[in-house]
Amino acid sequence: MKTRSGTLQRAFVMTVTACVLGACSDAVSPQTDSPTTSPATPSSTPTAPPSDAPADLPTSVVAPECEEAPGRTVEQLEDVTVPATVVPAVVDASGQEVAPASEVPAQLVDAGCVIRYDAPGGCLGAVEVTAATIPAATIPGVELTGVELPAATTDTVTQPGDYAPEVCQLERDGRIETVSRAGVVREGFSRDGVARPGRTRPERCDDDGCTPALEVPTVRLEPVRLPDVDIDPGRLESRTIARDVSVVSGEDRVSYVAPGAVLFELERADLRPAAEEALRTILDTIVPTADTRLLVEGHTDDLGSASFGRRLSRQRAQTVADWLVDRGLRRSQVTVAGLGESAPAVPNTSEANRARNRRVVITVLR
């Protein structure tokens, strides 16, 4: 999987355990205590249950939308473990078991993931937090002579995800401006607790004999909560380092933007004489070392066919890459991409805007 750095994540995970209480009064209502949150460390895929968890704890499964794929970096959020809850056997006053013990199975709540999509140089990639669901759980009912308690079931609760689209640099009056991408938030949410109330049956006698007293204990499932997932806004700062050449930095990336008109004649892929100054300024600013990795991307406007634009943009990117290699970089240090018209810096609504979209972007990969 292709990886790159992104914004710092702040994800918090809550683990709420279920418990069994002793005998209570006839009327029992569910308790909802305020959970306590603690910092979480992003988990790997898949997430293994803790070593002291029950042997039958479900294994974490990565949802299809959170699977790794080219063009994006996926970070799994830590699952929430809900241990199994024992439902005690019912024993009457004579010591006879009249209802066997059972169990509310353990649950592993999938907290979803954060997806950061790759973006061209000088752009802020899209970011997504997926939806998450806390599934229902059921305490089985009891049917005995003189005592009938229905099953108690929680609701299934789903919280929708959030998404911030890709944002590319904007140019105004010949200068690339600072741009921002909105933050992404999936608000925390909870599944309420539920209780199957306890019940006492007194001893009952008639002509046929006595029915021993018994006590059915209360069983509770406590609330389960998934915390907020909050991704900070992204920001690209811009400054000019030479005539018409800008450097755009942010999210641990640095990109150098050279207008196509400075480097090439219209619809040509060989460098103009004036291109030497612009490229030398970029190379001197980068100060490449043996560990430096560069991505050279070519961009065009929307005139002509899309296939022609992709081909021309790649030829131009290759020309710049060859120039860099001729100045000392190894061929393995430079990656080339032709993006054509797919990532405009500004809308292609005028000839001036189209001229701005014809550009080459050199990004330092970290």
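Within every chain, residues take consecutive numbers counted from 1 along the sequence as written. Per-residue local features of the predicted model are confined to residues with pLDDT of at least 70, and side-chain atom pairs are confined, for both listing and counting, to 80 or more; whole-chain, interface and lining totals are unaffected and use all residues. With hydrogens and water excluded, all non-hydrogen atoms of the structure serve as input to the side-chain values.

## Quick notes on the pattern of salt bridges
Okay, so step 1: By salt bridge we mean one thing: a side-chain nitrogen of Lys or Arg within 4 Å of a carboxyl oxygen of Asp or Glu. The final tally for this structure, using the stated rule, is 11 salt bridges.
Okay, so step 2: The salt bridge partner of arginine 235 is glutamate 237, with a shortest N-O separation of 2.5 Å.
Okay, so step 3: Whether a residue is buried, partly exposed or exposed follows from its accessible area with a 1.4 Å probe, protein chains only, as a fraction of its type maximum: under 20%, in between, or over 50%, in that order. Taking the relative accessible area as the measure of exposure, arginine 235 reaches 46% and is therefore partly exposed.
Okay, so step 4: Residue glutamate 237 is classed as partly exposed on the basis of its relative accessible area of 36%.
Okay, so step 5: With its nearest N and O atoms 3.3 Å apart, the salt bridge here joins arginine 327 to glutamate 276. Linking arginine 327 in the loop between α3 (306–326) and β38 (334–340) with glutamate 276 in helix α2 (residues 275–286), this pair joins segments that are 51 residues apart in sequence. Helix numbers and strand numbers start at the N terminus; a helix is a DSSP run of H or I with at least 4 residues, a strand a run of E with at least 2.

## Topic: the nonpolar core
Okay, so step 1: Grouped together as the largest cluster of nonpolar side chains are 29 residues, with contacts concentrated most on Tyr256, Leu263, Val296, Val320, Leu324 and Ile362.
Okay, so step 2: When residues of this core are traced back to their parent elements, those giving at least two are β35 (245–250), β36 (253–259), α1 (260–263), α2, β37 (293–299), α3, β38 and β39 (359–365).
Okay, so step 3: Among buried residues, those of type Ala, Val, Leu, Ile, Met, Phe, Trp, Tyr and Cys that are joined through side-chain atoms within 4.5 Å constitute a nonpolar core. Counting 17 residues, the second largest nonpolar core, distinct from the first, contains Val82, Val114, Val224 and Leu226.

## Let's talk about the environment of alanine 278
Okay, so step 1: Its place among the elements puts alanine 278 in helix α2.
Okay, so step 2: Placed 19 residues apart in sequence, alanine 278 and proline 259 show a C-alpha to C-alpha distance of 9.6 Å.
Okay, so step 3: What alanine 278 contacts, discounting residues up to four positions off in sequence, is Val245, Val262 and Leu263. Contact criterion: two residues are considered in contact whenever any of their non-hydrogen atoms come within 4.5 Å of each other.

## Some remarks on the packing of aromatic side chains
Okay, so step 1: We call Phe, Tyr and Trp rings a pair once their centres come within 6.5 Å, taking the six-membered ring for Trp, and we label the pair stacked below 30 degrees between planes, edge-to-face above 60, and tilted otherwise. Scanning all chains against the criterion turns up one aromatic pair.
Okay, so step 2: Here the aromatic rings of tyrosine 117 and tyrosine 163 are separated by 6.5 Å at their centres, their planes lie at 70°, and the arrangement is edge-to-face. Separated by 46 residues along the polypeptide, tyrosine 117 in strand β10 (residues 113–117) and tyrosine 163 in strand β19 (residues 162–164) bring together distant segments of the chain.
Okay, so step 3: Residue classification places tyrosine 163 among the partly exposed residues on the basis of a relative accessible area of 45%.

## Looking at the environment of tyrosine 163
Okay, so step 1: For tyrosine 163 and valine 184, which are 21 residues apart along the polypeptide, the C-alpha to C-alpha distance reads 6.1 Å.
Okay, so step 2: Excluding its chain neighbours within four sequence positions, the residues that come into contact with tyrosine 163 are Tyr117, Ala126, Val127, Glu128 and Val184.

## Points about the sheet that holds β37
Okay, so step 1: Within the open sheet, the seven strands sit side by side as β23-β34-β35-β36-β39-β37-β38. Their pairing is mixed. Here the strands that pair on one side only, and so sit at the sheet edges, are β23 (179–181) and β38. Put simply, the sheet's adjacent strands are angled 20° from each other on average, direction ignored.
Okay, so step 2: Strands pair, by our definition, only if DSSP identifies at least two bridges between them. Note: β37 against β39, seven bridges, orientation antiparallel. In this analysis, axes come from line fits to C-alpha atoms, helices being fitted only over the stretch in contact, and the angle between any two N-to-C directions falls in the range 0 to 180 degrees.

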